[in-house]
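Notes for the structure review
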Amino acid sequence: MNESVEWVRKMADDGIPEEFRTEEGIRTLAKFLRGDNGIKVRTAVEHEKRVDYFKGKRFLDLILECHKSWPKTLPRVEDKATAILIAQELIKANMFHRSEKVIGKKGVLQISQRNVFEENGIYTWMYTGSMLWSNLATGAVIFIVIG
């Protein structure tokens, strides 16, 4: 069975609003969270790649208190338990994963063995959003250099 269908079916039983049960709803939320009004991120290195990461508390604060820029197609989340369930579904949809700081190495993360959402955890984005503008800018630079 398709993985996305599996997690959508599980969400139906968790009491999460219906709009968060669809792949489109999850992508809309991830796009908002990665946007200008989304979660404040920091950068680190994980498996020799530069990554953006955030703290679970910042996720919960944004989900529960954001009113002015919240996506119009998604209902507002009113309670912490629902916000945690939604975060767990974002993890299952591979939008982000839990990481841990490497002791003794500043700015270095590693993937955690516990991939569950907790308020005190650190989470690394896997979702990058649309790369259209980045690809167009790269193409323009190459065209200018060749020209």
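Whatever comes next refers back to the structure up there.
Below is a short write-up of the structure. (Residues numbered from 1 in each chain as written. Predicted model: local features only at pLDDT ≥ 70, side-chain atom pairs only at ≥ 80, totals over all residues. Heavy atoms only, no water.)

As for the pattern of salt bridges
Note the following rule: Any carboxyl oxygen of Asp or Glu within 4 Å of a side-chain nitrogen of Lys or Arg constitutes a salt bridge here. The helix count covers DSSP runs of H or I at least four residues long, the strand count covers runs of E at least two residues long, and both are numbered beginning at the N terminus. In this scheme, a residue with accessible area under 20% of its type's maximum is buried, one over 50% is exposed, and one in between is partly exposed, where area comes from a 1.4 Å probe on protein chains only.
The tally for this structure, following the rule as stated, stands at seven salt bridges. Here Glu119 ties to Lys80 by a salt bridge, and the two come within 2.6 Å at their closest N and O atoms. Of this pair, Glu119 sits in the loop between strand S4 (108–111) and strand S5 (122–125) while Lys80 is found in helix H4 (residues 80–92), placing the two residues 39 residues apart along the sequence. Among the residues examined, Glu119 registers a relative accessible area of 32% and is labelled partly exposed.

Examining the nonpolar core
Inclusion rule: By convention a nonpolar core is built from buried Ala, Val, Leu, Ile, Met, Phe, Trp, Tyr and Cys residues, the set being connected through side-chain atoms within 4.5 Å. Whether two residues touch is decided by their heavy atoms; if any such pair falls within 4.5 Å, the residues are in contact.
One finds Leu29, Leu33, Phe59 and Phe96 to be the most contacted residues of the largest nonpolar core, which totals 29 residues. Sorting the residues of this core by element identifies helix H2 (23–34), helix H3 (56–65), H4 and S5 as the ones contributing at least two each. The contacts of Leu29, once residues within four sequence positions are left out, are Phe20, Ile63, Trp70, Leu74, Ile86 and Leu90.

Digging into the packing of H3 against H4
The following threshold applies: Axes, fitted as lines to C-alpha atoms, cover a helix only where it is in contact. Angles between the N-to-C directions of the axes lie from 0 to 180 degrees. Oblique is the label for every angle not falling under 35 degrees (roughly parallel), over 145 degrees (roughly antiparallel), or within 65 to 115 degrees (roughly perpendicular). Crossing handedness: left-handed means the near helix sits turned counterclockwise from the far one by under a right angle, and right-handed means the same turn made clockwise. Residues are grouped as follows: nonpolar covers Ala, Val, Leu, Ile, Met, Phe, Trp, Tyr, Cys and Pro; charged covers Asp, Glu, Lys and Arg; every other residue, Gly included, is treated as polar.
Where H3 meets H4, the closest approach of the two axes is 10 Å, and the angle between their N-to-C directions is 120°. Compared by their axis directions, H3 and H4 come out oblique. Our pair here, H3 against H4, has a crossing hand that is right-handed. Here Phe59, Leu60, Ile63 and Leu64 of H3 lie close against H4, whose contacting residues are Lys80, Ala83, Ile84, Ala87 and Leu90. For the contact of H3 with H4, the per-class residue count stands at eight nonpolar, no polar and one charged.

Describing H3
Heads up, the rule is: For this quantity, the arc is that covered by the directions from the helix axis to the C-beta atoms.
Listed as buried for H3 are Gly56, Phe59, Leu60, Leu62 and Ile63. Seen end-on, H3 carries its buried residues on one side only, within an arc spanning 165°. Buried positions along H3 lie against H2, strand S2 (49–55), H4, strand S3 (96–101) and S5.

Observations concerning the side chain of Thr124
For clarity, the cut-off: Polar contact is the term for a pair of N or O atoms within 3.5 Å; when the atoms are in protein, one must be able to donate a hydrogen and the other to accept it, and sequence-neighboring residues count only if both atoms are side-chain atoms.
You can see Thr124 is positioned in strand S5. Residue classification places Thr124 among the buried residues on the basis of a relative accessible area of 1%. Within the structure, the side chain of Thr124 is placed 2.6 Å from the side chain of Ser99, a separation counted as a polar contact. Excluding anything up to four places from it in sequence, Thr124 contacts Glu46, Val51, Asp52, Tyr53, Phe96, His97, Ser99 and Leu109.

A word on the packing of aromatic side chains
Our working definition: A pair of aromatic rings is counted whenever rings of Phe, Tyr or Trp (Trp by its six-membered ring) have centres within 6.5 Å, and the orientation is called stacked for planes under 30 degrees apart, edge-to-face for over 60 and tilted otherwise.
In this structure the tally under the stated criterion is ten aromatic pairs. Between Phe96 and Trp125 the ring centres are 5.4 Å apart and the planes differ by 85°, which places this aromatic pair in the edge-to-face class. Residue Phe96 is found in strand S3, and its partner Trp125 is found in strand S5; the two are separated by 29 residues along the sequence. With a relative accessible area of 7%, Trp125 lands in the buried category. An aromatic cluster is present here, built from Phe54, Phe59, Phe96, Phe117, Tyr123 and Trp125 joined pairwise through their rings.

Functional significance is not addressed by these values, which are geometric in nature.
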